[in-house]
Amino acid sequence: MTNRIRSKHIGMIAVGSGLMAASIYMLMISVTLAHIESVSGQVPFDMRPSGYGPTGAMALLDALGVDGRGYYLTRQIALDTIYPAMLALTMVAAICWLGQRMPNRKLVRFGIAFSVVGALFDYVENLGIIAMIWSWPEVSVPLVYAAQGDRSWL
């Protein structure tokens, strides 16, 4: 009985946090990231899966202007601070929920660790973007690469 109640709660957490994460994602895509792209004419940092170099980062930050950089900090980064946690919570709850009957818990632990590490990398990128905006126009090349997790400049 207790396992069934716990399973129900874990499932509700997975669904609830998933809905919240999806809502935040849709808000970012359709409002904040769309605004950043329309103001700058550039693809925002968060929408560059293949990364960006110093030239691209400087071009985006320059094209945003003072107001656009402020918008990035106060709107996009604010939402992107909540999103990774909600996504990680969704993934952890779903993995725990689906993994309750798995005989080998190593895969469950790996999935949980993978979810948490993924969120941490997103937070590192956010901190890097904040640092780039704050240090504008003196953005260092190592900072640009560190913001996206690229250590090739070392």
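Right above here is the structure, for reference.
This structure is a prediction, so every number in the text was calculated from the model and none was measured.

So, how was this worked out
- Residues numbered from 1 in each chain as written.
- Predicted model: local features only at pLDDT ≥ 70, side-chain atom pairs only at ≥ 80, totals over all residues.
- Heavy atoms only, no water.
- Helix = DSSP H or I, 4+ residues; strand = E, 2+ residues; numbered from the N terminus.
- Axes fitted to C-alpha atoms, helices over the stretch in contact; angles between N-to-C directions.
- Parallel < 35°, antiparallel > 145°, perpendicular 65-115°, else oblique.
- Left-handed = near helix turned anticlockwise from the far one by under 90°.
- Nonpolar A, V, L, I, M, F, W, Y, C, P; charged D, E, K, R; others polar.
- Phe/Tyr/Trp six-rings, centres within 6.5 Å; stacked < 30°, edge-to-face > 60°.
- Buried < 20%, exposed > 50% of the residue type's maximum accessible area, 1.4 Å probe, protein only.
- Polar contact = N/O pair within 3.5 Å; in protein donor to acceptor, adjacent residues only side chain to side chain.
- Contact = heavy atoms within 4.5 Å.

**Q** Looking at this structure, how should I read the environment of G118?
**A** For G118, the location among the structural elements is in helix α3 (residues 106-135). For the pair G118 and E138, spaced 20 residues apart in the sequence, the C-alpha separation amounts to 29 Å.

**Q** I keep staring at the packing of helix α2 (residues 54-98) against α3 and nothing clicks. Help me out?
**A** The relative placement of two packed helices is expressed as an angle between their axes plus a distance between the axes. It is at 9 Å that the axes of α2 and α3 come closest, and there the two elements cross at 165 degrees. In terms of their interaxial angle, α2 and α3 are classed as roughly antiparallel. Considering the relative orientation of α2 and α3, their crossing is left-handed. Broken down by class, the residue content of the contact of α2 with α3 amounts to 23 nonpolar, four polar and three charged.

**Q** Help me understand the packing of aromatic side chains, please; the structure alone is not making it clear to me.
**A** In this description, an aromatic ring pair is defined by two values, namely the gap between the centres and the angle between the planes. Counted under the stated rule, the structure contains four aromatic pairs. A centroid spacing of 6.1 Å and a plane angle of 25 degrees characterise the contact between F110 and F114, whose relative ring orientation is stacked. Placement of the pair is F110 and F114 together in helix α3, with a separation of four residues, close to one helical turn. Of the two residues, F110 and F114, both sit in the exposed class.

**Q** Any chance you could explain the side chain of S17 here in plain terms?
**A** Topologically, S17 is positioned in helix α1 (residues 2-40). Only 2.7 Å separates the side chain of S17 from the backbone oxygen of I13, close enough to count as a polar contact. Among all residues touching S17, those that are not within four sequence positions of it are M86, L89 and T90.

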